[in-house]
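Below are the chains, spelled out letter by letter.
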Amino acid sequence: MSEEKSLNFIEDIIETDLKEGKYKSILTRFPPEPNGYLHIGHAKAICLNFGLSLKYGGKTNLRFDDTNPITEETAYVESIKEDIRWLGFSWANELYTSDYFDILYNYAVNLINKGLAYVDDSTAEEIAAMKGTPTEAGKDNKYRSRTIKENLILFANMKGGIYKDGEKVLRAKIDMAHTNMLMRDPIIYRIKHAYHHRSGNAWCIYPMYDFAHGQSDSIENITHSICTLEFIPHRELYDWFIEKLNIFTSHQYEFARLNMTYTVMSKRKLLQLVTEGYVNGWDDPRMPTISAFRRKGYTPKSIRTFCDKIGIAKRENFIDLSLLEFCLREDLNQKALRVMAVLDPVKLIITNYEEGKTEELLCENGPDETFGKRSLSFGKELWVEREDFMEEPEKKWFRLAPGSMVRLKSAYIVKCESFVKDVTGKVTAINCSYIPESRSGKDTSGINVKGTIHWVSASHALNAEVRLYDRLFTTENPLDEKGDFKNTINSDSLQIITHAVVESSLKDATVDARYQFIRKGYFCLDTDARLDKLIFNRTVTLKDAWAKEVKKIRLT
RNA sequence: UGGGUUAUGGUGUAAAGGUAGCACAACAGAUUUUGAUUCUGUUAGUCAAGGUUCGAAUCCUUGUAACCCAACCA
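Novice: What's the story with the overall build of chain A in this structure? I'm lost.
Specialist: Within chain A one finds 13 helices and 25 strands. Against the compact-globule benchmark of 24 Å for 556 residues, chain A has a radius of gyration of 31 Å, which places it well outside the compact range. Dimensions of chain A, computed from the C-alpha atoms along their principal axes, are close to 100 × 60 × 50 Å. Counting over 556 residues, chain A shows a buried share of 53%. A sequence separation of at least 24 residues applies to 71% of the contacts in chain A between residues at least 6 apart. Taking the average place of the 78 positive charges on the side chains of chain A and the average place of its 80 negative ones, the gap between the two points comes to 1 Å.

Okay, here's the thing in structure tokens:
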């Protein structure tokens, strides 16, 4: 028995279309503008579009919507392709709106010939002034009544490059009094003497989004053109062009874009964070970009699961970041190798352990037997986590404290006998005795301890840099703040630990591997790491019931 | 005071006139050589007011709230 998952509204439409024979198969498209990096909101659109074609046996095109040469770059094209591939999807065709510039130009001429488009000499300000407001109708201007012949010549001249930027535009002739502002004679071509990343200097006029997107969908025979809610008013225009041009009828459907707590999702704002140096580039692990999540150690599967869980609907939403982290931990828990690393080391000396002796202990590599075991070196001097020792323990504390016993993971039970402090009061060493009969796997001591802590043998430890990331913003909705969203940037979003110690097996760590530093969180090797320098990123912390407990204890 | 879209627990998302369900979060407990994982349980919802109906989240009426639209951006 499989539990029937209910359909979202787009799947509903598709199933109806297929059942009624409107289409034999579906064709969707993902249409990024190559002017920035893809973020988690794009991941939602990617999973939707590619997921739909996968589910219904159709195809998805990747189409770069490159109609604005000023902001677009080839570097962005490359990053976008890498991100989609990494997420696990393959496109049927790699396409560019710029490939359709000739067709689009002819469509515009076609419109002029039908008396449905005209060249306007007004300035941007004049056009805006004549456009009216949402509550007031716009007005026709004198250029609106130009003859077809005149428009044809003028538009050819625009293409010919005899006018300067902004001197003239081509507008659709619809209705200056329309209640939908977008139908008040929208501009469809503008002059930009600019180098285009693909067409070079072949063109100096470029179509606007509304005169490119729907037509591109139509040219490709896209059946279901899915976009976000803010394009709802554009649909009327989308349909108008297709109808007047009498070309293949693609249909536009709109869903609500992703919003998430503790982050911003607009490309403009993300670009600002990059250019103003709040983060170190588009793939800084604190960014919500796909490349940042990848670098931070997220798995493609966790992002796909997340996109599946948040659903598709038309109402505004504000997803809790913890849902993403839940999906991440769920996947990482199954995949990550368990290793030991001490982020804030303090020396633990086993007073009754033989000087110079080393034992090899077996330790499980993962969450189940299939991961096998590895050998770990154990000795008289170990590094343990500073926060695992408390001189004056909290209530319910079952880690190291004077007189207390803990198990060293996969090793022995030790008892804290004494500790050493320096003049500043900082603990510099913890002296313990160990119980030889308590060795992991062959424990005959009969002693039960509540606490188990991780450790690294001091003489075998490797030094590592560890980067701990926290959320980039201190408030759930940075956009809610009066003033600049950047006022709520978390100044502690990155903590670099330069002197962490990790077990020696990590000398072979690779960027693709996922690790759980036991009791500390999930980590991965950063791309900055070099042969002689280990650098790990914290992907996400483990859930921490003890931290909650402490809060409660201190409140009462 | 124009047009469009949307309203279901704290957050998402189902229920197509017939038991308001699921997930995350929160809380409580069990298990645990990771205070992780796993398991069990609890809290909590149909925007409002009327109406139709044996029966309404769903249909009707009237309100209310939120979001989008006045780039030669996409």
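Novice: Just checking my understanding: could you explain the protein's contact with RNA strand B for this structure?
Specialist: The full set close to RNA strand B counts 60 residues, and Thr67, Arg315, Arg338, Ser440 and Gln516 are the nearest of them. Here the atoms of RNA strand B within 4 Å of the protein split so that 64% fall in sugar or phosphate, with bases taking the remainder. The contact in question runs from a base nitrogen of RNA strand B to an N or O atom on the backbone of serine 122, over 3.2 Å. Within the residue set of the surface near RNA strand B, elements represented by two or more residues are strand 6 (187-191), helix 8 (232-245), helix 12 (321-335) and helix 13 (545-555).

Novice: Is there a simple way to think about helix 4 (residues 101-113) in this case?
Specialist: An α-helical turn contains 3.6 residues, so a residue and the one three or four places further along point in the same direction. Taking 1.5 Å of rise per residue, the 13 residues of helix 4 would be expected to cover 18 Å, and the 18 Å separating its terminal C-alpha atoms lies within 8% of that figure. Listed in full, the buried residues belonging to helix 4 are Phe101, Leu104, Tyr105, Tyr107, Ala108, Leu111 and Ile112. In an axial view of helix 4, the angular spread of the buried residues amounts to 155 degrees, which keeps them on one side of the axis. Following helix 4 by one or two positions, glycine 115 has its phi on the positive side, about 75 degrees.

Novice: In this structure, what is going on with the pairing of strand 24 (residues 521-525)? I would like to understand it.
Specialist: Successive residues of a regular strand alternate their side chains across the two faces of the sheet. Among the five residues that make up strand 24, five are buried, leaving the element largely enclosed by the rest of the structure. Going residue by residue along strand 24, you find Gly521, Phe523 and Leu525 tucked away on one face and Tyr522 and Cys524 tucked away on the opposite face as well. Looking at chain direction, strand 23 (residues 515-517) and strand 24 are connected through three bridges and run antiparallel. Bridge pairing in strand 24 places glutamine 516 opposite tyrosine 522. What sits between the antiparallel neighbours strand 23 and strand 24 is a turn of three residues, in which arginine 519 has the positive phi angle 70 degrees. Two strands pair when backbone bridges link them, and strand 24 and strand 25 (residues 534-540) are joined in this way by four bridges, in the antiparallel orientation. Bridged to tyrosine 522 within strand 25 is valine 540.

Novice: Can you help me understand the sheet that holds strand 15 (residues 381-385) in this one?
Specialist: Hydrogen bonds along the backbone pair up the strands of a sheet, which may run parallel or antiparallel. Spatial ordering of the open sheet is given by 19-16-17-18-12-15-20, a layout of seven strands whose pairing is mixed. The sheet is open, and its two borders are formed by strand 19 (452-453) and strand 20 (455-457), each paired with just one other strand. Where strand 16 (residues 405-408) and strand 17 (residues 413-421) come together, three bridges link them in antiparallel fashion. For arginine 407, the partnering residue across the bridge sits in strand 17 and is isoleucine 413.

Novice: I'm lost on the domain arrangement of chain A in this one. Help?
Specialist: By a frequent convention, interface size equals the accessible area lost on bringing the separate parts together. One can read the domain layout of chain A as domain 1 (9-255), domain 2 (267-337 + 464-555) and domain 3 (344-454). A straight line from the C-alpha centre of domain 1 to that of domain 3 covers 65 Å.

Novice: Teacher, can you tell me more about the pairing of strand 6 here?
Specialist: Among the five residues of strand 6, four are classified as buried, and the element is accordingly described as predominantly covered. Examined bridge by bridge, strand 5 (residues 169-172) and strand 6 share three bridges and lie antiparallel to one another. Bridge pairing links arginine 171 to isoleucine 187 in strand 6. Where strand 6 meets strand 7 (residues 205-207), three bridges bridge the pair, whose relative direction is antiparallel. Each bridged residue has a counterpart across the sheet, and for tyrosine 189 the counterpart in strand 7 is proline 207.

Novice: Just to check I follow, could you spell out the packing of helix 11 (residues 300-310) against helix 12 for this structure?
Specialist: What describes two packed helices is the angle between their axes and the distance between those same axes. Where helix 11 contacts helix 12, the two axes come as close as 8 Å, and the packing angle between them is 140 degrees. With respect to helix 12, the element helix 11 is oriented oblique. Seen from above, helix 11 lies across helix 12 with right-handed handedness. In this structure, helix 11 contributes Lys301, Ser302, Thr305, Phe306, Lys309 and Ile310 to the contact, and helix 12 contributes Leu323, Leu324, Phe326, Cys327, Leu328, Glu330, Asp331 and Lys335. The residue inventory of the contact of helix 11 with helix 12, partitioned by class, reads seven nonpolar, two polar and five charged.

Novice: Looking at this model, I keep getting lost on the packing of aromatic side chains. Mind explaining?
Specialist: Using the criterion set out here, one finds 26 aromatic pairs in the structure. Geometrically, the ring pair formed by phenylalanine 378 and tryptophan 455 is edge-to-face, given 5.2 Å between the ring centres and 90 degrees between the ring planes. Of this pair, phenylalanine 378 sits in strand 14 (residues 373-379) while tryptophan 455 sits in strand 20, and the two are 77 residues apart along the sequence. You can call tryptophan 455 buried: its relative accessible area is 1%. Feature note: the residues Phe101, Tyr105, Phe155, Tyr189, Trp203, Tyr206, Phe211, Trp240 and Phe241 constitute an aromatic cluster, connected by ring pairs. We note arginine 294 situated over the ring of tryptophan 86; from NZ or CZ to the ring centre the distance is 5.4 Å.

Novice: When you look at the confidence of the model for chain A in this model, what are you seeing that I'm missing?
Specialist: Caution applies to low-pLDDT parts of the model: their predicted coordinates are not meant to be read in detail. Here chain A averages 96 in pLDDT, while 99% of its residues score no lower than 70. The ipTM assigned to the predicted complex is 0.97, against a pTM of 0.97.

Novice: Explain the state of the cysteines here, please?
Specialist: Covalent bonding between the sulfur atoms of two cysteines defines a disulfide. Applying the stated criterion across every chain, the model contains zero disulfides. Residue cysteine 524 stays outside any disulfide, its sulfur separated by 18 Å from that of cysteine 327, the closest cysteine.

Novice: Just to check I follow, could you spell out helix 1 (residues 9-19) for this structure?
Specialist: Listing the buried residues of helix 1 in full gives Ile10, Glu11, Ile14 and Asp17. Looking straight down helix 1, one finds that the buried residues subtend no more than 125 degrees of arc, so they occupy a single side. Next to the buried residues of helix 1 lie helix 2 (40-55), strand 8 (224-228) and strand 9 (251-255). Sitting at the amino-terminal end of helix 1 is asparagine 8, which places a side-chain oxygen 2.9 Å from the backbone nitrogen of isoleucine 10.

Novice: How should the pattern of salt bridges be read in this particular structure?
Specialist: A side chain of one charge can pair with a side chain of the opposite charge if their charged atoms are brought near each other. Tallied over the full model, the rule gives 44 salt bridges. Between lysine 335 and aspartate 331 there is a salt bridge, and its shortest N-O distance comes to 2.8 Å. Here lysine 335 pairs with aspartate 331, and both are found in helix 12, just four residues apart, close to one helical turn. Judged by its relative accessible area of 39%, lysine 335 falls in the partly exposed class. Here lysine 533 makes a salt bridge to glutamate 465, at a shortest N to O gap of 2.9 Å. Of this pair, lysine 533 sits in the loop between strand 24 and strand 25 while glutamate 465 sits in strand 21 (residues 462-469), and the two are 68 residues apart along the sequence. Exposure remark for lysine 533: the relative accessible area of 29% places this residue in the partly exposed category. In this structure glutamate 465 comes out as buried when scored by relative accessible area, which is 7%. Three or more residues joined by partner-sharing salt bridges are found here, namely Asp283, Arg295, Glu465, Arg467, Asp526, Asp528 and Lys533.

Cut-offs and rules
- Residues numbered from 1 in each chain as written.
- Chains lettered and ligands numbered in written order.
- Predicted model: local features only at pLDDT ≥ 70, side-chain atom pairs only at ≥ 80, totals over all residues.
- Heavy atoms only, no water.
- Helix = DSSP H or I, 4+ residues; strand = E, 2+ residues; numbered from the N terminus.
- Rg over C-alpha atoms; globule rule 2.2 N^0.38 Å.
- Buried < 20%, exposed > 50% of the residue type's maximum accessible area, 1.4 Å probe, protein only.
- Contact = heavy atoms within 4.5 Å.
- Lys, Arg positive; Asp, Glu negative; His and termini not counted.
- Charge placed at Lys NZ, Arg CZ, Asp CG, Glu CD.
- Near = heavy atom within 4 Å.
- Polar contact = N/O pair within 3.5 Å; in protein donor to acceptor, adjacent residues only side chain to side chain.
- Expected span 1.5 Å × (residues − 1).
- Arc of directions from axis to C-beta.
- Pairing = 2+ DSSP bridges.
- Domains from an automatic or database assignment.
- Axes fitted to C-alpha atoms, helices over the stretch in contact; angles between N-to-C directions.
- Parallel < 35°, antiparallel > 145°, perpendicular 65-115°, else oblique.
- Left-handed = near helix turned anticlockwise from the far one by under 90°.
- Nonpolar A, V, L, I, M, F, W, Y, C, P; charged D, E, K, R; others polar.
- Phe/Tyr/Trp six-rings, centres within 6.5 Å; stacked < 30°, edge-to-face > 60°.
- Lys NZ or Arg CZ within 6 Å of the ring centre and 35° of its normal.
- pLDDT = per-residue confidence, 0-100.
- Disulfide = S-S within 2.5 Å.
- Salt bridge = Lys/Arg side-chain N within 4 Å of Asp/Glu carboxyl O.

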